[in-house]
Amino acid sequence: MAYMKTLYTTTAIATGDGRNGHVQTTDGILATDVRMPAELGGPGGSTNPEQLFAAGYAACFHSALKRVAGADGVDATDSEVVADVSLGALENGSFQLAVALEVTIPGAERDVAEKVVARAHEVCPYSNATRGNIEVVLTVA
């Protein structure tokens, strides 16, 4: 494993009943109830771990995209990353996530956008953390 110089660390705490509980960061900036989605038989009405993961991945990938685009001289104005995170059941009874990232870069030709997205996927910490662990599908819109 390659050496990683830590740049930032945050801490979150989950309390209550897991997916029907509460999460918050130790600095208090994020504090919210979580609920199992109605689609999974839960009460819904609040965010859930998959939504939080989708939001984090979308934001992180967008940051990586902007960084790579800027370094390559590609106009990423009005770019957008949509993250779909799916929760699925495996045959052995455990659960797995899958991610689909749809990226729009209006100021770039498709072939250029595809190269920027591929490079962003190499830079993004979420992509690096999930690589080889879950399916991540990249689409340039």
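Scroll up for the structure.
Residues numbered from 1 in each chain as written. Predicted model: local features only at pLDDT ≥ 70, side-chain atom pairs only at ≥ 80, totals over all residues. Heavy atoms only, no water.

Undergrad: Help me understand the packing of aromatic side chains, please; the structure alone is not making it clear to me.
TA: The description of an aromatic ring pair uses the distance of the two centres, along with the angle that the planes make with each other. Per the stated rule, a full pass over the model turns up three aromatic pairs. Residues Tyr57 and Tyr126 carry aromatic rings whose centres are separated by 5.3 Å and whose planes lie at 35 degrees to one another, so their mutual orientation is tilted. Of the two residues, Tyr57 is situated in helix 1 (residues 49–71) and Tyr126 in helix 3 (residues 125–130); the sequence distance between them amounts to 69 residues. A relative accessible area of 0% means that Tyr57 is categorised as buried. Three or more aromatic residues link up through ring pairs in this structure, and these residues are Phe53, Tyr57 and Tyr126. (Phe/Tyr/Trp six-rings, centres within 6.5 Å; stacked < 30°, edge-to-face > 60°. Helix = DSSP H or I, 4+ residues; strand = E, 2+ residues; numbered from the N terminus. Buried < 20%, exposed > 50% of the residue type's maximum accessible area, 1.4 Å probe, protein only.)

Undergrad: Would you explain the sheet that holds strand 5 (residues 95–104) in this entry?
TA: Two strands in a sheet stick together by hydrogen bonds in their backbones, pointing the same way (parallel) or opposite ways (antiparallel). Pairing in this open sheet of three strands is mixed, and the strands run 4-5-6 from one edge to the other. Sheet topology places strand 4 (80–89) and strand 6 (135–140) at the edges, where each strand pairs with a single neighbour. Going across the sheet, the axis of each strand differs from the next one's by a mean of 15 degrees, ignoring polarity. Looking at chain direction, strand 5 and strand 6 are connected through six bridges and run parallel. Along strand 6, the bridge assignment pairs Ala98 with Glu135. Running over the sheet, helix 1 touches strand 4, strand 5 and strand 6 and is turned about 145 degrees from strand 4. Packed on one face of the sheet, helix 2 (residues 110–123) meets strand 5 and strand 6 and runs near 155 degrees to strand 6. (Pairing = 2+ DSSP bridges. Axes fitted to C-alpha atoms, helices over the stretch in contact; angles between N-to-C directions. Contact = heavy atoms within 4.5 Å.)

Undergrad: Explain unusual backbone geometry here, please?
TA: Positive phi, close to 65 degrees, is recorded for Asp78, a residue that is not glycine. Along the chain, the position of Asp78 falls in the loop between helix 1 and strand 4.

Undergrad: Help me understand a nonpolar patch on the surface in this model?
TA: Taken together, the side chains of Leu40, Leu87 and Phe95 present a nonpolar region at the surface, about 300 Å² in accessible area. Following the sequence through the fold, Leu87 ends up in strand 4. (Patch = residues over 30% accessible without salt bridge, like charges linked within 9 Å, V, L, I, M, F, W, Y side chains within 5 Å. Areas by Shrake-Rupley, 256 points an atom, 1.4 Å probe, with all protein chains shown as cover. Salt bridge = Lys/Arg side-chain N within 4 Å of Asp/Glu carboxyl O.)

Undergrad: Help me out: how do you make sense of the pattern of salt bridges in this one?
TA: Opposite charge on two side chains makes pairing possible when the charged atoms of those side chains draw close. Inspection of every chain in the model, using the stated rule, returns four salt bridges. Close ionic contact of Asp33 with Arg35 constitutes a salt bridge, the shortest N to O distance being 3.8 Å. By relative accessible area, Asp33 is classed as partly exposed at 34%. According to the relative accessible area criterion, Arg35 is partly exposed, its value standing at 24%.

Undergrad: How should I be thinking about the sheet that holds strand 1 (residues 12–17) in this particular structure?
TA: Here three strands make up an open sheet; going across it, the order is 1-2-3 and the pairing antiparallel. Of all strands in the sheet, those with a lone pairing partner are strand 1 and strand 3 (31–33), marking the two edges. Across the sheet, the axes of successive neighbouring strands diverge by a mean angle of 15 degrees, strand direction being ignored.

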